[in-house]
Amino acid sequence: VGEAKKLLGIDPEDVLLSSFGFIAPNKRINVALEAVANIRKRHPSVRYALIGEVVNGYDVSSLVARLHLEDTVRLVGYADAKTFATYLRATDIGINLRFPTFGETSATLLALMAAGKATLVSNLDAFVELPEYACVKIDVGPGELAQIEALLSALIEDHGLRERIGANAVEHVRET
């Protein structure tokens, strides 16, 4: 993780949150960004990378600016395979939220889990079937933001918890 962070110009001591794939409203990026804005006072070493092409009409840059996260959030854009792999290795915590879903399977979630990353997922549709011990489930609805903040804080503060969930994720991917 540390070497990959160095390659990306990120301090190895920083905690890197990452979302992969198309950057779109249904990926709950707005809620994730709000959570990061709210927790960064307690966790100033948190960084958030959005790796993927931003869909037309989604002005995520303005949202980042409105939340004063320019020094915290990195909009990577489309990433070739090597860049994608480097960000995946550098990631401490994955964020793979969806609502609404379109019944799709998330290849990026599978990549995060196979790489042993503790990952937040929306607790609906196909994601409900994932075991609780292999990911961090977030309920969609009024308490979503508070739940994301609390669980991200727990994962940031407890490296062992991240490692256990990541190891369980790898085992789950191997078994399925």
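Residues numbered from 1 in each chain as written. Predicted model: local features only at pLDDT ≥ 70, side-chain atom pairs only at ≥ 80, totals over all residues. Heavy atoms only, no water.

Asker: Account for helix 2 (residues 29–39), with residues named and values stated.
Answerer: Counting buried residues in helix 2 gives 8 out of 11 residues, a clear majority hidden from the surface. Among the residues of helix 2, Ile29, Val31, Ala32, Leu33, Ala35, Val36, Ala37 and Ile39 are the ones counted as buried. Where helix 2 is buried, its residues touch strand 1 (15–20), strand 2 (46–51), helix 3 (60–66), strand 3 (73–77), strand 4 (93–96) and helix 6 (144–157). (Buried < 20%, exposed > 50% of the residue type's maximum accessible area, 1.4 Å probe, protein only. Helix = DSSP H or I, 4+ residues; strand = E, 2+ residues; numbered from the N terminus. Contact = heavy atoms within 4.5 Å.)

Asker: Which residues make up the layout of surface pockets, and what are the values?
Answerer: Looking at the largest pocket, its volume works out to about 220 Å³. Glu104, Thr105, Ser106, Leu109, Leu110, Met113, Ala126, Phe127, Leu130, His172, Val173 and Thr176 are the residues that line the largest pocket. For the lining of the largest pocket, the elements supplying multiple residues, two or more each, are helix 5 (107–114) and helix 7 (159–175). A per-element tally of the lining of the largest pocket places helix 5 first, with 3 residues. Taken together, the residues of the lining of the largest pocket sort by class into 7 nonpolar, 4 polar and 1 charged. (1 Å grid on protein atoms, 1.4 Å probe; cavity = no way out; pocket = protein on both sides within 12 Å on 5 of 7 lines; lining within 4 Å. Points joined across faces, edges and corners; volume = space filled by probe spheres on them. Nonpolar A, V, L, I, M, F, W, Y, C, P; charged D, E, K, R; others polar.)

Asker: Which residues make up the nonpolar core, and what are the values?
Answerer: Ranked by internal contacts, the top residues of the largest apolar core, which has 33 residues, are Leu17, Leu33, Tyr48, Leu120 and Leu152. Broken down by secondary-structure element, the contributors of at least two residues to this core are strand 1, helix 2, strand 2, helix 3, strand 4, strand 5 (118–122), strand 6 (136–138) and helix 6. Examining the composition of this core, we find that 8 residues originate from one element, helix 2, more than from any other. Aside from chain neighbours lying at most four places away, what touches Leu33 is Tyr48, Val60, Leu63, Val64, Leu67, Leu69 and Val73. Judged by nonpolar contacts, the second largest core, of 12 residues, contains Leu8, Phe20, Ala49 and Ile51. (Core = buried A, V, L, I, M, F, W, Y, C linked by side-chain atoms within 4.5 Å.)

Asker: Describe the sheet that holds strand 2, naming the residues involved and giving the relevant values.
Answerer: Across the sheet, 6 strands lie side by side as 3-2-1-4-5-6; this open sheet has parallel pairing. Of all the strands in the sheet, just strand 3 and strand 6 have a single pairing partner and so form its edges. Each neighbouring strand pair of the sheet contributes to a mean axis angle of 20°, computed without reference to strand direction. Looking at chain direction, strand 1 and strand 4 are connected through 2 bridges and run parallel. Residue pairing in the sheet places Ser18 in a bridge with Gly94 of strand 4. Relative to the sheet, helix 2 contacts strand 1, strand 2, strand 3 and strand 4, its axis offset from that of strand 2 by approximately 165°. (Pairing = 2+ DSSP bridges. Axes fitted to C-alpha atoms, helices over the stretch in contact; angles between N-to-C directions.)

Asker: Help me get a handle on empty space enclosed by the protein, residues and values and all.
Answerer: Where empty space is left becomes clear once a probe the size of a water molecule has been rolled over the atoms. Under the definition given, this model contains 2 cavities of 30 Å³ or more. Lining the largest cavity are Ser19, Phe20, Phe22, Lys27, Ile29, Ile95, Asn96 and Leu97. The set of elements that each furnish at least two residues to the lining of the largest cavity consists of strand 1 and strand 4. Space inside the second largest cavity adds up to approximately 30 Å³. Forming the walls of the second largest cavity are Thr101, Gly103, Glu104, Asp125, Ala126 and Phe127. Residue classes in the lining of the second largest cavity are distributed as 2 nonpolar, 2 polar and 2 charged.

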